[in-house]
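# Fold and contact review
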Amino acid sequence: MNKCSGEDLMTLKILGIIAILWVLQGVLTYFQVRNLQNKIRELKKKGRVGLGSSKGRFSPGSIVLIAVDDDGKIVEAYRMSGMTVFARFREFDEIKGLYLQEVSYYLSSEKSGSLKKALENALEMLKEKN
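These numbers come from a predicted model, not from an experiment. Throughout, residues of each chain are indexed from 1 in the direction in which the sequence is written. It should be noted that, the model being predicted, local features are given only for residues of pLDDT at least 70 and side-chain atom pairs only at 80 or more, the latter also being counted only at that level, while totals for whole chains, interfaces and linings use all residues. With hydrogens and water stripped out, all remaining heavy atoms of the structure feed into the side-chain values.

What follows covers the overall build of the chain. Counting from the N terminus, the helices are the DSSP runs of H or I reaching at least four residues and the strands are the DSSP runs of E reaching at least two. From N to C terminus, the chain includes three helices and four strands. Element order for the chain, N to C, with α for helix and β for strand: α-β-β-β-β-α-α. Overall, the C-alpha framework of the chain stretches about 80 × 30 × 25 Å when taken along its three principal axes. Working definition: with a 1.4 Å probe on protein chains only, accessible area under 20% of the residue-type maximum means buried, over 50% means exposed, and in between means partly exposed. In the chain, which comprises 130 residues, the proportion classed as buried is 29%. Nonlocal contacts in the chain, meaning residues at least 24 apart in sequence, comprise 49% of its contacts between residues at least 6 apart. We get accessible surface area from the Shrake-Rupley algorithm with a probe of 1.4 Å; when it comes to residues, only the shown protein chains can shield them. Counting every atom, the chain has about 9100 Å² of accessible surface; 57% of that belongs to carbon and sulfur. Residue contacts are defined here by distance: any two heavy atoms, one from each residue, within 4.5 Å place the two residues in contact.

This is the structure:
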């Protein structure tokens, strides 16, 4: 009979914990992506949708969703920032009600690089669809 040493058991426990955390991250990522898809579907009912994202390697990333009407007015806007799968969309009230041309004024005052980049990407996507 081959007995495991205390070190071997500890290594197996650590590997087991890592595996469980990895699976948990995958499950939570799945729900976060589903949340994004639902939000996009909801916004498409209100107008054209622009999506922008900016990844931070060691800083929080951001995703911005914007719905605009036929006149280019932002009717709905959401943002998500964070480094974990626990981040959720929040209303982006600062730009809601603005016209696309007016958002550049907001951009000039925005301090967060990742949020600014995500917003620029969403606006670019909307310009391409125009």
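A separate point is the sheet that holds strand E3 (residues 74-82). An order of E1-E2-E3-E4 is seen for the four strands of this open sheet, with the pairing classed as antiparallel. The open sheet is flanked by strand E1 (48-54) and strand E4 (90-91), the only strands paired with a single partner. Between any two strands, pairing holds if DSSP finds at least two bridges. Taken together, the seven bridges between E1 and strand E2 (residues 61-68) define a ladder with antiparallel strand orientation. For Val49, the partnering residue across the bridge sits in E2 and is Ala67.

Here the focus is a nonpolar patch on the surface. Here, patches come from residues exposed beyond 30% relative accessible area and free of salt bridges, joined within 9 Å for like charges and within 5 Å for nonpolar side chains (Val, Leu, Ile, Met, Phe, Trp, Tyr). By definition, a salt bridge exists where a carboxyl oxygen of Asp or Glu is found within 4 Å of a side-chain nitrogen of Lys or Arg. Taken together, the side chains of Leu9, Met10, Leu12, Ile14, Leu15 and Ile18 present a nonpolar region at the surface, about 590 Å² in accessible area. Tracing the chain through its elements places Leu12 in helix H1 (residues 6-44).

The next point concerns the pairing of E3. On a regular strand, each side chain points to the face opposite its neighbour's, so the side chains alternate between the two faces of the sheet. Relative to E3, E2 runs antiparallel, the two being bridged by eight bridges. Residue pairing across strands places Ile66 opposite Ala77, the latter belonging to E3. Between the antiparallel neighbours E2 and E3 lie five residues, among them Gly72 with a positive phi of about 85°. Inspection of the sheet shows E3 paired to E4 by two bridges, in the antiparallel sense. Opposite Arg79, over in E4, you have Arg90 as the bridge partner.

Moving on, we get to the pairing of E2. In terms of burial, E2 is largely enclosed, as seven of its eight residues are buried. Taking the residues that link successive antiparallel strands as the turn, the E1-E2 hairpin has six residues.

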